[in-house]
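Residue-level structural notes
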Amino acid sequence: MDINLQFWKSEGQSFLRRLRLWINILDPVSLLSSDGEIKKARSLLGSADPKNKREANDAWKLSLVIASLLPHKGVKPAFLWQFLLQSYSAGFNFSNRNATATKDNKTTLKQALLIVGSVTYATCAGTIPQFVMTRYGLRSTSVQVFCRSVLPVPLAALLAAFNVLVVRAEEIENGVRVFDSSGNSVGISQKAGSKAVNETALSRAAMMGTTVALPSLLMVLLKRTSFGQRHSLLVAPVRHISAALVLGLMVPLSFSLFPQLCTIQRDDLENELQTATTDKQLFYHRGL
């Protein structure tokens, strides 16, 4: 079992501990670390004194290392920002998948087509609210509120989940590696792969749905106040700032919803894997 997975097995089984770890891991200072520092950190993990917690924590930290959400005035800007968002999401989902069942960890033609298809479909679907308002010249206040504040919430959540499900579809088809309590590989499980992808899709939907919902709700409430009605120009930046803040908070929260090293009951695995081990509970890497 990979050394990082061993860490998540021992330290990442409760939501609060996972949240603390992700806040630490997502420290922007980590981005300044060189490849040499990361390799050195990994080498320290096998030799660091367990009593020196600071040295061990720093080593783990290095080893583990809003425009599309805002209303637009036309279809082209909306399409562009949706394309950038969906492309980034697809790349992130692909880079952080579980590729244990992929031969030589290479990108297949099928995988490439899935990525392109996911980005294309999600980009078009994400532009629907702006397209509808522009194409049919909808000016009603209620329609504007629905298309700008209500519809984007479930749409963002569904598209985020869709992106994960399509980009990581090969994990469901090919399966992922499962381990016993000692870290020994038991085999490849499609059921574990399906569970891993579904859990990740749910966490991504929660992140994007909340990131869109809270700023929209805040704007609706703020516009109804006397201050919001008198100072409309001051209200506009609130959506940008709140979207950035909510997204920043939701990233570690969504990453922490499920463990990195998840568990699955032996009875829930394929028959051939059930006979390959006596452990009642197996482990698998969920990806991110």
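Reading the values: rules and limits
- Residues numbered from 1 in each chain as written.
- Predicted model: local features only at pLDDT ≥ 70, side-chain atom pairs only at ≥ 80, totals over all residues.
- Heavy atoms only, no water.
- UniProt positions renumbered as here; feature names shortened; annotations may be inferred.
- Phe/Tyr/Trp six-rings, centres within 6.5 Å; stacked < 30°, edge-to-face > 60°.
- Helix = DSSP H or I, 4+ residues; strand = E, 2+ residues; numbered from the N terminus.
- Buried < 20%, exposed > 50% of the residue type's maximum accessible area, 1.4 Å probe, protein only.
- Lys NZ or Arg CZ within 6 Å of the ring centre and 35° of its normal.
- Salt bridge = Lys/Arg side-chain N within 4 Å of Asp/Glu carboxyl O.
- Core = buried A, V, L, I, M, F, W, Y, C linked by side-chain atoms within 4.5 Å.
- Contact = heavy atoms within 4.5 Å.
- Pairing = 2+ DSSP bridges.
- Axes fitted to C-alpha atoms, helices over the stretch in contact; angles between N-to-C directions.
- Patch = residues over 30% accessible without salt bridge, like charges linked within 9 Å, V, L, I, M, F, W, Y side chains within 5 Å.
- Areas by Shrake-Rupley, 256 points an atom, 1.4 Å probe, with all protein chains shown as cover.
- Expected span 1.5 Å × (residues − 1).
- Parallel < 35°, antiparallel > 145°, perpendicular 65-115°, else oblique.
- Left-handed = near helix turned anticlockwise from the far one by under 90°.
- Nonpolar A, V, L, I, M, F, W, Y, C, P; charged D, E, K, R; others polar.

By the naming in an unreviewed UniProt entry, the chain is Sideroflexin-4, taken from Anguilla anguilla. Under the Subcellular location (unreviewed entry) heading, UniProt states for the chain: "Mitochondrion membrane". Looking at the Sequence similarities (unreviewed entry) heading of the UniProt record, one finds this comment for the chain: "Belongs to the sideroflexin family."

The next thing to look at is the packing of aromatic side chains. The final tally for this structure, using the stated rule, is three aromatic pairs. Ring geometry for Phe92 versus Phe255: centroids 6.2 Å apart, planes at 10°, classification stacked. Linking Phe92 in helix 5 (residues 75–95) with Phe255 in helix 13 (residues 232–255), this pair joins segments that are 163 residues apart in sequence. A residue is classified by how much of its surface remains accessible, and Phe92, at 23% relative accessible area, is partly exposed. In this structure Phe255 comes out as buried when scored by relative accessible area, which is 7%. Through a chain of ring-to-ring contacts, three or more aromatic side chains come together here, namely Tyr88, Phe92 and Phe255. Here the basic side chain of Arg97 rests over the ring of Phe94, its NZ or CZ set 3.8 Å away from the ring centre.

Scanning the entire structure with this criterion turns up three salt bridges. With its nearest N and O atoms 2.3 Å apart, the salt bridge here joins Lys110 to Glu173. Within this pair, whereas Lys110 is found in helix 6 (residues 109–126), its partner Glu173 is found in helix 10 (residues 169–174), the two being separated by 63 residues in sequence. On the accessibility criterion, Lys110 (40% relative accessible area) is partly exposed. Residue Glu171 pairs with Arg168 through a salt bridge whose shortest N-O separation is 2.6 Å.

Turning to the nonpolar core, a few remarks are in order. Listed in full, the 12 residues of the largest apolar core are Val176, Val178, Val186, Ala192, Ala196, Phe258, Cys262, Ile264, Leu269, Leu273, Leu282 and Tyr284. Secondary-structure elements contributing two or more residues to this core are strand 1 (176–179), helix 11 (190–223), strand 3 (261–265) and strand 4 (281–285). Those residues in contact with Ala196 that sit more than four places away from it in its chain are Tyr284, His285 and Arg286. One finds Leu85, Ala156, Met208 and Met250 within the second-largest nonpolar core, a separate group that totals eight residues.

Pairing is antiparallel across the open sheet formed by four strands, whose spatial order is 2-1-4-3. The open sheet has two edge strands with one neighbour each: strand 2 (185–189) and strand 3. If you compare each strand with its neighbour and ignore which way they point, the axes differ by 35° on average. Sheet analysis places strand 1 next to strand 4, joined by two bridges and oriented antiparallel.

In this section: a nonpolar patch on the surface. A cluster of nonpolar residues, Phe79, Leu80, Trp81, Phe83 and Leu84, forms a patch on the protein surface that exposes about 460 Å² of accessible area. Mapped onto the elements of the fold, Phe83 is located in helix 5.

For the rest of this paragraph, the subject is the UniProt feature "transmembrane region" (unreviewed entry) in the chain. Per the UniProt record, the feature "transmembrane region" (unreviewed entry) sits at residues 112–133, 145–166, 201–222 and 234–258. Secondary structure across residues 112–133 divides into 95% helix and 0% strand, with the first and last C-alpha atoms of the span separated by 33 Å. Structurally, residues 145–166 is divided into 95% helix and 0% strand, and its ends, taken at the C-alpha atoms, are 31 Å apart.

So, on to the pairing of strand 1. Pairing between strand 1 and strand 2: four bridges, direction antiparallel. Within strand 2, the residue paired with Arg177 across the bridge is Ile188. Count of turn residues in the strand 1/strand 2 antiparallel hairpin: five residues, of which Gly183 carries a positive phi of about 90°.

With that settled, consider helix 5. With 21 residues, helix 5 extends 30 Å from end C-alpha to end C-alpha; this agrees with the ideal 30 Å at 1.5 Å per step. Contacts made by the buried residues of helix 5 are with helix 6, helix 7 (128–135), helix 9 (152–167) and helix 11.

Below, the discussion takes up the packing of helix 9 against helix 11. Their axes nearest at 7 Å, the elements helix 9 and helix 11 cross at an angle of 155°. In terms of axis orientation, helix 9 runs roughly antiparallel to helix 11. For the pair helix 9 and helix 11, the crossing hand works out as right-handed. Taking contact as the criterion, the partners of Pro152, Val153, Ala156, Ala157, Ala160, Ala161, Val164 and Leu165 in helix 9 are, on helix 11, Val197, Asn198, Thr200, Ala201, Arg204, Ala205, Met208, Gly209, Val212 and Ala213. Of the residues that constitute the contact of helix 9 with helix 11, the class distribution is 14 nonpolar, three polar and one charged.

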